[in-house]
2 protein chains.
Amino acid sequence: MAATKDPRPCSIADTLALVGEKYSLLVLREVCLGNSRFDQLVRNIGAPRDILATRLRRLVDAGILTKRAYSERPQRFEYRPTQAGLELEPVLLTLMAWGDRHVRNDDDRPMVVEHGCGNELLPVVTCSACGDTVRHEDLTAHPQAPGWTVTGPTVA
Amino acid sequence: MAATKDPRPCSIADTLALVGEKYSLLVLREVCLGNSRFDQLVRNIGAPRDILATRLRRLVDAGILTKRAYSERPQRFEYRPTQAGLELEPVLLTLMAWGDRHVRNDDDRPMVVEHGCGNELLPVVTCSACGDTVRHEDLTAHPQAPGWTVTGPTVA
DNA sequence: AAGTGAGGGTTGGATTTTCCAACTCTTCGA
DNA sequence: TCGAAGAGTTGGAAAATCCAACCCTCACTT
């Protein structure tokens, strides 16, 4: 999935090169839920075992997951998110919220996440400087590197 | 990419079924930046033209993009995000922030996004109820449907 | 002692996608 | 008349995915 000729330097593309392959983010979903063993992942994700093995290697190499033996004799392993992996959780939450809104007709959500404050988590992306919810119209893109051509009076 | 046997009902998986294929989110990046024409997309994304055509059809079908003629005679088209498409922008922003932090060593970010408040946008996912930044430890998953087995004392 | 089952993969081959370059078609401009 | 731009489509080679079957180690049962 390496962007062999991607003409744009871009952190979105770079990130997707690590976690954008099929099943990778679902692996992350599972390990964030605490499901850490190979067979659990196979069952819960529905991925072919060989593909899953490949993905796990990739994610471990990328520093997103760690692989640890939870038992020698018989050797058994578990996969857990690293700090970097946990920092991708907001991506999952945002994807989930979008899916709840747009692919399901809300209200038959397969999962609800509860926040420590006692309420159901409705994740919102905000500007850390002012705290406001991010709206498309409030954004302006500033390319820092060559390769970016932003057409309109537009925005990221 | 349809999850043919995904044993888990999951909005993350559902959303990825729509936008998780290679290049789809980069298409969204481009249209959010205002680059709306086929050839621009080919150049900026670096995708094969045939694949891009396929992705565009998918995204239009999914209601994430619209296709409009901006010129008859010669027929020319533009792709723009729908409201639903724009609501995926937070996913892009979060992916970008993660990449800035973890794949680049910060400080050579290819793009900076400015927020309407005048500051550089550092996107943070917060709980809409209490306003706090979402941390993994504060989350508890509540499966609503069968098929979910959350192992540990864990979390989404 | 033999058989069974769990866990964590690997292997071979069929199927599906991607990739790439070339080609098409239409219309505008020189 | 001769490009050139825009928006794709097409055919065939290369790569990735899918699937079922297999392997290995150890533990537990009978």
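What you see is a predicted model, and the numbers here were worked out from it, not measured in a lab.

**Student:** Could you clarify how one ought to interpret the protein's contact with DNA strand C in this entry?
**Tutor:** Of all residues adjacent to DNA strand C, which total 20 residues, the nearest are Arg76 and Tyr79 of chain A together with Lys22, Asp50 and Arg55 of chain B. Considering DNA strand C, the proportion of its atoms within 4 Å of the protein that are sugar or phosphate atoms stands at 63%. Contact between DNA strand C and Lys67 of chain A: a phosphate oxygen at 3.0 Å from a side-chain N or O atom of the residue. Mapped by element, the contributors of at least two residues to the surface near DNA strand C are helix H3 (38-45), helix H4 (49-61), strand E1 (65-71) and strand E2 (76-81) of chain A together with helix H4 (49-61) of chain B. Element by element, the count of residues in the surface near DNA strand C is highest for H4 of chain A, at four residues. The residue inventory of the surface near DNA strand C, partitioned by class, reads nine nonpolar, no polar and eleven charged.

**Student:** What's the story with the protein's contact with DNA strand D in this structure? I'm lost.
**Tutor:** As a matter of local geometry, DNA strand D sits amid 21 residues, with Lys22, Asp50 and Arg55 of chain A together with Arg76 and Tyr79 of chain B nearest to it. Sugar and phosphate atoms form 65% of the subset of DNA strand D atoms that lie within 4 Å of the protein. Between a base nitrogen of DNA strand D and a side-chain N or O atom of Asp50 of chain A, the distance comes to 2.5 Å. The contact in question runs from a phosphate oxygen of DNA strand D to an N or O atom on the side chain of Lys67 of chain B, over 2.9 Å. Within the residue set of the surface near DNA strand D, elements represented by two or more residues are H4 of chain A together with helix H3 (38-45), H4, strand E1 (65-71) and strand E2 (76-81) of chain B. It is H4 of chain B that provides the largest number of residues to the surface near DNA strand D, a total of four residues. Split into classes, the residues belonging to the surface near DNA strand D amount to nine nonpolar, no polar and twelve charged.

**Student:** Would you mind going over H4 of chain A with me for this structure?
**Tutor:** In an α-helix, one full turn covers 3.6 residues, which means residues spaced three or four apart are oriented alike. Residue and element names in this part refer to chain A. Spanning 13 residues, H4 covers 18 Å between terminal C-alpha atoms, matching the ideal 18 Å at 1.5 Å per step. Looking only at H4, the buried set comprises Leu52, Arg55, Leu56 and Leu59. For H4, the arc enclosing every buried residue in end-on projection is 100°, short of the 170-degree limit, so these residues lie on one face. Summarising the geometry of H4, the exposed residues directed more than 90 degrees from the buried face are Asp50, Arg57 and Asp61.

So, how was this worked out
- Residues numbered from 1 in each chain as written.
- Chains lettered and ligands numbered in written order.
- Predicted model: local features only at pLDDT ≥ 70, side-chain atom pairs only at ≥ 80, totals over all residues.
- Heavy atoms only, no water.
- Near = heavy atom within 4 Å.
- Polar contact = N/O pair within 3.5 Å; in protein donor to acceptor, adjacent residues only side chain to side chain.
- Helix = DSSP H or I, 4+ residues; strand = E, 2+ residues; numbered from the N terminus.
- Nonpolar A, V, L, I, M, F, W, Y, C, P; charged D, E, K, R; others polar.
- Expected span 1.5 Å × (residues − 1).
- Buried < 20%, exposed > 50% of the residue type's maximum accessible area, 1.4 Å probe, protein only.
- Arc of directions from axis to C-beta.

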